[in-house]
Amino acid sequence: YVFAGDGSEPTLLPMPMCNYATVSPNGRWAAASSWRGSESDLRVWELASGKEVLHRTNTQAALAFTPDGHWLVLQTTDFNECLEVGTWKAVSHSAREPGQRKFALSIDARWAALQQGSRQIALCELPAFRPILTLDTDLESPMCLSRNQLLLTRRINGQFKLWDLDLIREQLTALGLGWQN
């Protein structure tokens, strides 16, 4: 269940078997995804009223609002999708390899680090999911992207690894392979 309201009397929003949930940076919206056997749901609510503004069936997704609040990023088993907050229209949709649904978003909302299979992380430009760089990893999952473009990943053994994306870009640029901001 997800709670909503003005704080004086919270409203209970139905979301059985919730696997993923997120709240927008301004606190206006909540989104959640659930899985119930062959059924799954994605729902978005306006928190002040408790009104459901989006409901998709057969959609289980890892999800997060971008730090600037402009996009709701979804990663399902089959695709990545970016929804415009407020209109809830898809502004981009891209196929993905089946596998873990884990990703991290940059603080400036320009990039997403997406799990690709079990041994790669793709750095993509938002909202189009335009690929910028693919990192070959050792069974790592993206955890977070810092303000100064450091990517923290978690290995399957519980250890963490820090990728300096500015340094990687600098080295690739020296080889004529860099990317634009």
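As the structure is a computational prediction, the values presented were derived from the model and not from experiment.

*Asks:* Hey, could you run me through the overall build of the protein in this one?
*Replies:* On a plain count of helices and strands, the protein comes out with 1 helix and 17 strands. Looking at the protein residue by residue over its 181 residues, the buried ones come to 45%. Nonlocal contacts in the protein, meaning residues at least 24 apart in sequence, comprise 33% of its contacts between residues at least 6 apart. Element-wise, carbon and sulfur atoms account for 52% of the exposed surface of the protein, whose accessible area totals about 9500 Å².

*Asks:* Is there a simple way to think about the nonpolar core in this case?
*Replies:* A general feature of soluble globular proteins is that nonpolar side chains tend to end up buried together. Counting 14 residues, the largest nonpolar core has Leu 133, Leu 135, Leu 145, Leu 151, Leu 165 and Ile 168 as the members making the most contacts within it. Only β12 (111-116), β13 (120-125), β14 (130-136) and α1 (165-174) provide two or more residues apiece to this core. Once residues lying within four places of it in the same chain are set aside, the contact partners of Leu 135 are Arg 119, Gln 120, Ile 121, Leu 151, Trp 163, Leu 165 and Ile 168.

*Asks:* What's the story with the environment of Pro 142 in this structure? I'm lost.
*Replies:* Relative to the assigned elements, Pro 142 resides in strand β15 (residues 140-145). For the pair formed by Pro 142 and Gln 120, sequence separation is 22 residues and the distance between their alpha carbons is 9.8 Å. When sequence neighbours within four positions are dropped, the list of residues in contact with Pro 142 reads Lys 102, Phe 103, Ala 104, Ala 113, Leu 114, Gln 115, Ile 121, Leu 151, Leu 152 and Thr 153.

*Asks:* Would you mind showing me how to read unusual backbone geometry here?
*Replies:* One can expect most non-glycine residues to show negative phi and most peptide bonds to be in trans. Cis rather than trans, the peptide bond between Leu 126 and Pro 127 has omega equal to 5°. Considering the arrangement of structural elements, one finds Pro 127 in the loop between β13 and β14. Positive phi is not limited to glycine here, since Trp 88 has a value of about 65°. Its location among the elements puts Trp 88 in the loop between β9 (79-84) and β10 (90-95). For Ala 109, which is not a glycine, the phi torsion comes out positive at approximately 65°. Mapped onto the elements of the fold, Ala 109 is located in the loop between β11 (103-105) and β12. Given the relative accessible area of 7%, Ala 109 is considered buried.

*Asks:* Would you explain the sheet that holds β11 in this entry?
*Replies:* The strands that make up a sheet are held in pairs by hydrogen bonds between backbone atoms, and each pair lies either parallel or antiparallel. Overall, antiparallel pairing links the 4 strands, which are arranged β11-β12-β13-β14 in an open sheet. Looking at the sheet topology across the chains shown, the edges are occupied by β11 and β14. Neighbouring strand axes in the sheet, compared pairwise and without regard to direction, differ in orientation by 20° on average. Pairing geometry for β11 and β12, over 3 bridges, is antiparallel. Note on β12: the bridge partner recorded for Leu 105 is Ala 112. Strands β12, β13 and β14 of the sheet are contacted by α1, whose axis makes an angle of about 100° with β14.

*Asks:* Sorry if this is basic, but what is going on with the pairing of β14 here?
*Replies:* If a strand is regular, its side chains alternate between the two faces of the sheet. With 6 bridges connecting them, β13 and β14 associate as antiparallel partners. Looking across to β14, one finds that Leu 123 is bridged to Leu 133. A loop of 4 residues connects β13 with β14, the two strands running antiparallel in sequence, and Phe 129 in this loop sits at a positive phi of about 60°.

Cut-offs used in this document
- Residues numbered from 1 in each chain as written.
- Predicted model: local features only at pLDDT ≥ 70, side-chain atom pairs only at ≥ 80, totals over all residues.
- Heavy atoms only, no water.
- Helix = DSSP H or I, 4+ residues; strand = E, 2+ residues; numbered from the N terminus.
- Buried < 20%, exposed > 50% of the residue type's maximum accessible area, 1.4 Å probe, protein only.
- Contact = heavy atoms within 4.5 Å.
- Areas by Shrake-Rupley, 256 points an atom, 1.4 Å probe, with all protein chains shown as cover.
- Core = buried A, V, L, I, M, F, W, Y, C linked by side-chain atoms within 4.5 Å.
- Pairing = 2+ DSSP bridges.
- Axes fitted to C-alpha atoms, helices over the stretch in contact; angles between N-to-C directions.

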